[in-house]
Amino acid sequence: MTNAITRRRIIELTGAGSLVAATAAALRAEGAPPAGTAPVLAAHATPLRIGAVSLVVRDLERVAAFYRDAIGLAVLERRADGATLGVDGTALLHLVHRPAAPFEARGSAGLYHTAFLMPTRKDLARWLVHVASNRVRLTGFADHHVSEAVYLDDPEGNGIEVYADRPPERWRWDGAAVTMTTEHLDIDDLVSLTNVRVPDYAAAPSGLRIGHVHLKVGDTDRAAAFYGGLVGLDMTRQRPGAAFMSAGRYHHHLGLNIWQSRGAGLRDREATGLGWFSLEAASADLVEARRDKLTAGGANLVSVPGGIETADPWGTNVRIVPRPA
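Residues numbered from 1 in each chain as written. Predicted model: local features only at pLDDT ≥ 70, side-chain atom pairs only at ≥ 80, totals over all residues. Heavy atoms only, no water.

1. Points about the packing of aromatic side chains
Our working definition: Aromatic rings from Phe, Tyr and Trp, taking only the six-membered ring of Trp, are treated as a pair when their centres fall within 6.5 Å; an angle between ring planes under 30 degrees marks them as stacked, one over 60 as edge-to-face, and anything in between as tilted. Each helix corresponds to a stretch of at least 4 residues labelled H or I by DSSP, and each strand to a stretch of at least 2 residues labelled E; elements are numbered beginning at the N terminus. Categorising residues by exposure relies on relative accessible area from a 1.4 Å probe, with only protein chains included: less than 20% of the type maximum marks a residue as buried, more than 50% marks it as exposed, and the intermediate range marks it as partly exposed. Two conditions define a charge located above a ring, namely a distance within 6 Å from the ring centre to NZ of Lys or CZ of Arg, and an angle within 35 degrees of the ring normal.
This model, assessed by the stated rule, comprises six aromatic pairs. An angle of 55 degrees between the planes, with centres 6.3 Å apart, marks the rings of Y67 and F116 as tilted. Of this pair, Y67 sits in helix α3 (residues 60-71) while F116 sits in strand β5 (residues 110-117); the two residues are 49 residues apart in sequence, bridging distant segments of the chain. Judged by relative accessible area, Y67 falls into the buried class, the value being 2%. Measuring from ring centre to ring centre gives 4.8 Å for F226 and Y227, while their planes differ by 90 degrees; the resulting arrangement is edge-to-face. Of the two residues examined, F226 and Y227, each falls in the buried class. Seen from the ring of W173, R249 lies directly overhead, with NZ or CZ sitting 4.0 Å from the centre. The residue whose ring lies beneath R319 is W276, and the NZ or CZ to ring-centre distance is 4.0 Å.

Set out below in structure tokens:
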């Protein structure tokens, strides 16, 4: 298999006829509306970082097999009512089995995508050859300047991004705002890092983690006030219909957009989709500081092992817990 053939196959997997069309899909997936409208991952060397995501699913076997086979997560625990998957013994994805759950309504708030962060660019290349070889359906890909990203959906329509960061010293900042673009991904250059004839991605690499979570919300200003003023994240970038936030000058731990959900109300708690996501704090004191801030802001809190859980204005549950030792 040559690089050109691999590139063509990858483009075909997006259902697009060209790189331009595939990049346009990425524009819709992250960072802009359509035209006319490392060693220690930087994402995790921050006071708050993404820990895990929980999804409510109807077909547990099919969804678990997808994250195992397509993403490479290991099944850490299987139960009658769900499964836990992760890497290095670290739980990243909790699947809750509800076979009778209604599918989440189009236009509702909730999950836009879960973003799995590869430790290195070569790992992203190896994974891309893996999914191309196995004809996994892709939805788009793009160069965001701070990172290179590929998009796809799981069998129940939950969005996924798989990406690798560029070195933080190459990110461009203007004060508190980081530059993020959505341009063509150089597929040929990326896959040149690995053997396109012999896929060698048998499992997710050690160190793969969730780098960020992107949410659908009803109003970005209201969402930013909640995740900033109460949860403690800082704004890193804003554009019409979207906002990006992080801790510790990462480009973003959290994306927020209204592209499909403008004016959405409370989510249906019985439906499929995002159950909760967690933010891991660098210390127990930081968890307590966020507890105090959320309480003062009138948020309803419940206790979870080691930390707290609350809900944003659309009923999306977020946990703040100490990071594992």
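Past the structure itself, the notes keep going.
2. A few points about the confidence of the model for the protein
As a reminder of what qualifies: Here pLDDT means the predictor's own confidence in every residue, given as a number from 0 to 100. Here, residues are in contact when the closest pair of their heavy atoms is within 4.5 Å.
Per-residue confidence for the protein gives a mean pLDDT of 91; residues scoring 70 or more make up 88%. Low pLDDT, under 50, characterises residues 31-39; the predicted model gives this stretch 12 contacts beyond four residues in sequence or across chains.

3. Thoughts on the pairing of strand β6 (residues 140-143)
Convention followed: Strand pairing requires that DSSP identify at least two bridges connecting the strands.
Burial along β6 is two-sided: G140 and A142 facing one way and F141 and D143 facing the other are all buried. Counted between consecutive antiparallel strands, the loop separating β6 from strand β7 (residues 147-153) contains three residues, among which H145 sits at a positive phi close to 70 degrees.

4. A look at the sheet that holds strand β17 (residues 307-311)
For clarity, the cut-off: Between N-to-C directions, angles cover 0 to 180 degrees, with each direction set by a line fitted to C-alpha atoms, over the stretch in contact for helices.
Taken in spatial order, the eight strands line up as β2-β3-β4-β1-β15-β18-β17-β16 in an open sheet, and their pairing is mixed. Edge strands, defined here as strands with exactly one partner in the open sheet, are β2 (74-79) and β16 (302-304). Taken over all neighbouring pairs, the strand axes of this sheet differ in orientation by 25 degrees on average, direction set aside. Relative to strand β4 (residues 90-97), strand β1 (residues 48-57) is paired through five bridges, and the arrangement is parallel. Paired with L55 across the two strands is L95, which belongs to β4.

5. A short note on the pattern of salt bridges
Stated formally: Criterion for a salt bridge: a side-chain nitrogen of Lys or Arg within 4 Å of a carboxyl oxygen of Asp or Glu.
A full pass over the atoms with the stated rule returns 15 salt bridges. A salt bridge links R79 to E77; the nearest nitrogen and oxygen atoms lie 3.5 Å apart. Between R166 and D143 there is a salt bridge, with its nearest N and O atoms 2.8 Å apart. With a gap of 23 residues between them, R166 in the loop between β8 (159-165) and β9 (173-174) and D143 in strand β6 connect regions that are remote in the sequence. With respect to burial, R166 and D143 carry one shared label: buried. Overlapping salt bridges, with partners in common, bring together R121, D143, E148, R166 and D189 in one network.

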